[in-house]
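Read off the chains here:
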Amino acid sequence: MKKALNIIFIVIGVLVLALYGVRTYTKSHSPFEKLTAKGKKDLKVQLGYCRPLMKERKIFGELIPYNTVWRTGANEATTISFSRTCTFGKRKVKDGNYSLWTIPGEKYWTIILNTETGQWGTNYDETKDYLRFKIEAEKTQKPIEQLTIKLLEIAEGGIDMTLNWENTQLNIPIR
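Residues numbered from 1 in each chain as written. Predicted model: local features only at pLDDT ≥ 70, side-chain atom pairs only at ≥ 80, totals over all residues. Heavy atoms only, no water.

Undergrad: Sorry if this is basic, but what is going on with the sheet that holds strand β6 (residues 96-103) here?
TA: The strands making up a sheet are joined through hydrogen bonds of the backbone, oriented either antiparallel or parallel. Sheet architecture is open: six strands sit in the order β1-β2-β3-β6-β7-β8, paired in antiparallel fashion. Taken across any chain shown, the strands that pair with only one partner, and hence form the sheet edges, are β1 (32-38) and β8 (129-136). With direction set aside, neighbouring strand axes in the sheet form an average angle of 20 degrees. Bridging between β6 and strand β7 (residues 108-114) involves five bridges; their strand directions are antiparallel. By the bridge assignment for β7, Trp 101 is matched with Ile 112. (Pairing = 2+ DSSP bridges. Helix = DSSP H or I, 4+ residues; strand = E, 2+ residues; numbered from the N terminus. Axes fitted to C-alpha atoms, helices over the stretch in contact; angles between N-to-C directions.)

Quick look at the structure:
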C-alpha cells in the first residue's frame, strides 16, 4: 500500500512539473502583460493577456478565422476587471472580473464579456456571457507584429481600450 501511494505521489509530481513546463514554454513565445488604468470616480480597470506574434502569418481570416470566438490573446483567457459599475463600449457593466472574448469579422467585431475567469483560452462557455456588442474594426497604417492592448487614460477622466494586431485596430471606450 505504501509503495502504491509513493508511486501515485511521484506521478502527480511529474504531471505538475510537466504542466508548469508547458505553461512556461508557451508564455516565452507569448509573454503575459498586466495593465492598469484609472478613470474618474474611482474607476480602475485591470487587464491581463498573453501577447502572440504574427511571425509572417496571416492572422485574421486564416489563423484566427472570421466569425469564430477567439480568446483575444494566447494561452489563458484574457481577463478584465472593473472596480465599479461603468460603461464598456457604451454598455453598462457591473464591477467585477470577466474574461474577454472576441469574434473577429472583416468589418465588425463582436466583443464579449464572460463571467467565467481562470480557464485555459480555448474553454469558452457561451452560457456564461455577461454581454455582447459589435464594434467597427479600423485598419492600421502599418502591420503590428505583436498583439498589443492598451488602456489609455483620457483627459475627460475615462479610459479607452485599444487592441492592435496585424492590420486591425479596435477602440473601446470605458467610462
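Following the structure, the description resumes.
Undergrad: Hey, could you run me through the pattern of salt bridges in this one?
TA: Should the charged atoms of two oppositely charged side chains come close, the side chains can pair. Summed over the entire model, instances satisfying the criterion amount to five salt bridges. For the salt bridge of Glu 126 with Arg 132, the shortest nitrogen-to-oxygen distance reads 3.7 Å. Judged by its relative accessible area of 52%, Glu 126 is exposed. Across the salt bridge formed by Asp 129 and Arg 132, the nearest N and O atoms sit 2.9 Å from each other. Each of Glu 126, Asp 129 and Arg 132 takes part in a single network of salt bridges with overlapping partners. (Salt bridge = Lys/Arg side-chain N within 4 Å of Asp/Glu carboxyl O. Buried < 20%, exposed > 50% of the residue type's maximum accessible area, 1.4 Å probe, protein only.)

Undergrad: Explain the pairing of β6 here, please?
TA: A regular strand places its side chains on the two faces of the sheet in alternate fashion. Counting buried residues along β6, six of its eight residues qualify, which places the element largely inside the surrounding structure. Note: strand β3 (residues 78-82) against β6, five bridges, orientation antiparallel. Across the sheet, Thr 79 pairs through a bridge with Ser 99, a residue of β6. Hairpin connection of β6 to β7: four residues between the antiparallel strands.

Undergrad: Where do I start with the packing of aromatic side chains in this structure?
TA: Two numbers describe a pair of aromatic rings. These are the distance of the centres and the angle of the planes. Under the defined criterion, the tally for this structure stands at ten aromatic pairs. Note on Phe 60 and Trp 165: the rings are 5.8 Å apart at their centroids and 90 degrees apart in plane angle, and the pair reads as edge-to-face. Within this pair, whereas Phe 60 is found in the loop between β2 (44-50) and β3, its partner Trp 165 is found in strand β10 (residues 159-174), the two being separated by 105 residues in sequence. Like Phe 60, the residue Trp 165 is buried in the burial classification. Centre to centre, the rings of Trp 101 and Tyr 124 are 4.9 Å apart; their planes meet at 55 degrees, and the pair counts as tilted. Of the two residues, Trp 101 sits in strand β6 while Tyr 124 sits in the loop between β7 and β8, which places them 23 residues apart along the sequence. Note on Trp 101: relative accessible area 1%, which makes it buried. Classification of Tyr 124 as partly exposed rests on a relative accessible area of 22%. (Phe/Tyr/Trp six-rings, centres within 6.5 Å; stacked < 30°, edge-to-face > 60°.)

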